[in-house]
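Residue-level structural notes
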Amino acid sequence: MNLGNAAGGPHGTTGMVAQNYMYAQQQQQQQQQQQRNLLAQTKGHEALNYQNPAVYARLGSQNVGSSPGIGGMFAGAVSGNAGNAASAAALAAGGLSNMHPAVNGASQAVASAENEALYQLMVELFSAANREQALAELSRRRDQNPDLGLALWNAYGVMTILYQEIIAIYPLLNPPALTMPVSNRACNSLALLQLVATHEHTRMQLLKANVPQLLYPFLSTTSKAKQYDNLRLTSLGVIGALVKYDNHEVISFFVATEFLPLCLKIMDIGSELCKVVATFIFQKIILDDGGFQYVTSHPKRLHTVLVILNNVINQMISAPSSRLLKSVTKCLIRLADNQKAKEEMREGISEHLRDSTFAQVFAEDVSYRRLIYQLMIKLT
């Protein structure tokens, strides 16, 4: 083909360059139109830029140009208009559809229906009339999609709604005026927050935003009424999700923000489930070198910790809990790495660990027997 003649111009270099440019532009426009048609069919939105490089790497095997992406969902949601909540959540639907693994046509259809339902619930969060029911339903379905926490974090306005739901009940904490329905509503928000704390791509962002400190007022409550205990337990679940990955930065955050006194108080006076989770968190903190140094470097602080651990043991005399006994024993084993703690435990450790008080647990639980043997060897 003679490009010069086709363009109606000269055969020289300038004419060929101009024609090549026009041809390239035409091809590009055609490709863009094809992509727009395909995206319109799938109700997706292309991502121009991925906010999170880790997410981009995770999706590297997907054809970003021909499928709705998480990046499109998040880039559009964050840059969207505050009044266009439904549009922002619509972007979330495209992202959720990519997050869910599709094995075959049938499973893909089921996944699509589930994600559409989650999308609609996220839209309803923006309605004051529907928010309570939407929070409850999202909390109930939180195991349907492993990346729901990622969607909640990046969808426009959703995290702000969760923060509002949490802060709104502060005035009901002291003096105690919290009702069970209000507590359940806040706990549903906390359960969604736990999804964000669990997800690998949002965990550290949540921490760096100091979000866990919003939960400290709940942990400082002392009422033993169920509505307050539920708040404490769900708040501890969020913190437990952060510390279980043994990250030094996470542990340093909780040491620096004076979380330990709250944790120890719940270990001492909380319900059994709260004690189990709080003791697990404390165990994770002292397994970290920085947390261990903080607890053992001050004699009075170390003595307080050992007294509380003994209290937890003594409170189980009438109703032993295998989970709690193992958690407390693991804490004692770790603290025995400190010479001062070891000396104090030799004299002041609860006799109930040595005698037959927990003989049934000792006989039935092999892992507990091993922990007790390990502790006794360390103290000899």
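In what follows, the structure referred to is the one given above.
One structure accompanies this document, and this report is about it. These numbers come from a predicted model, not from an experiment.

What counts, and where the lines are drawn
Residues numbered from 1 in each chain as written. Predicted model: local features only at pLDDT ≥ 70, side-chain atom pairs only at ≥ 80, totals over all residues. Heavy atoms only, no water. Core = buried A, V, L, I, M, F, W, Y, C linked by side-chain atoms within 4.5 Å. Buried < 20%, exposed > 50% of the residue type's maximum accessible area, 1.4 Å probe, protein only. Contact = heavy atoms within 4.5 Å. Helix = DSSP H or I, 4+ residues; strand = E, 2+ residues; numbered from the N terminus. 1 Å grid on protein atoms, 1.4 Å probe; cavity = no way out; pocket = protein on both sides within 12 Å on 5 of 7 lines; lining within 4 Å. Points joined across faces, edges and corners; volume = space filled by probe spheres on them. Nonpolar A, V, L, I, M, F, W, Y, C, P; charged D, E, K, R; others polar. Expected span 1.5 Å × (residues − 1). Axes fitted to C-alpha atoms, helices over the stretch in contact; angles between N-to-C directions. Left-handed = near helix turned anticlockwise from the far one by under 90°. Salt bridge = Lys/Arg side-chain N within 4 Å of Asp/Glu carboxyl O.

Here we look at the nonpolar core
- Ranked by size, the top nonpolar core spans 92 residues in total, and within it Phe254, Phe259, Phe282, Leu332, Leu335 and Leu353 carry the most contacts.
- Residues in contact with phenylalanine 254, not counting those within four places in the same chain, are Leu207, Pro212, Tyr216, Ile239, Leu242, Val243, Phe259 and Leu260.

Focus on the environment of leucine 287
- Within the secondary structure, leucine 287 sits in helix α16 (residues 272-287).
- Residues leucine 287 and isoleucine 251, spaced 36 residues apart in sequence, show a C-alpha to C-alpha distance of 9.6 Å.

Considering the layout of surface pockets
- If you add up the space inside the second largest pocket, you get close to 150 Å³.
- Taken together, Leu260, Pro261, Leu264, Lys265, Phe282, Tyr294, Val295, Arg301, Thr304, Val305 and Ile308 form the lining of the second largest pocket.
- Those elements giving two or more residues to the lining of the second largest pocket turn out to be α15 (260-269), α17 (289-296) and α18 (299-314).
- Of the residues in the lining of the second largest pocket, the class split is 8 nonpolar, 1 polar and 2 charged.

A short note on helix α13 (residues 226-243)
- Taking 1.5 Å per residue as the helical rise, α13 with its 18 residues ought to reach 26 Å, and the 25 Å between its terminal C-alpha atoms agrees with that figure.
- For α13, the buried fraction is high: 16 of the 18 residues fall into the buried class.

Let's talk about the packing of α18 against helix α20 (residues 339-348)
- Where α18 meets α20, the closest approach of the two axes is 11 Å, and the angle between their N-to-C directions is 40 degrees. The handedness of the crossing between α18 and α20 comes out as right-handed. Within the contact between the two elements, α18 uses Leu302, His303, Leu306 and Asn310 and α20 uses Lys340, Ala341, Glu344, Met345 and Gly348.
- Looking at side-chain class alone, the contact of α18 with α20 contains 4 nonpolar, 3 polar and 2 charged residues.

Looking at the pattern of salt bridges
- The final tally for this structure, using the stated rule, is 12 salt bridges.
- With a shortest N-O distance of 2.9 Å, glutamate 137 and arginine 141 are connected by a salt bridge. The burial state of glutamate 137 is the same as that of arginine 141; both residues are buried.
- Across the pair lysine 326 and aspartate 365 runs a salt bridge whose closest N-O atoms are separated by 3.1 Å. With lysine 326 in helix α19 (residues 322-335) and aspartate 365 in the loop between α21 (359-364) and α22 (366-379), the pair connects residues that are 39 residues apart, well separated along the chain.
- For aspartate 365, a relative accessible area of 14% corresponds to the buried category.

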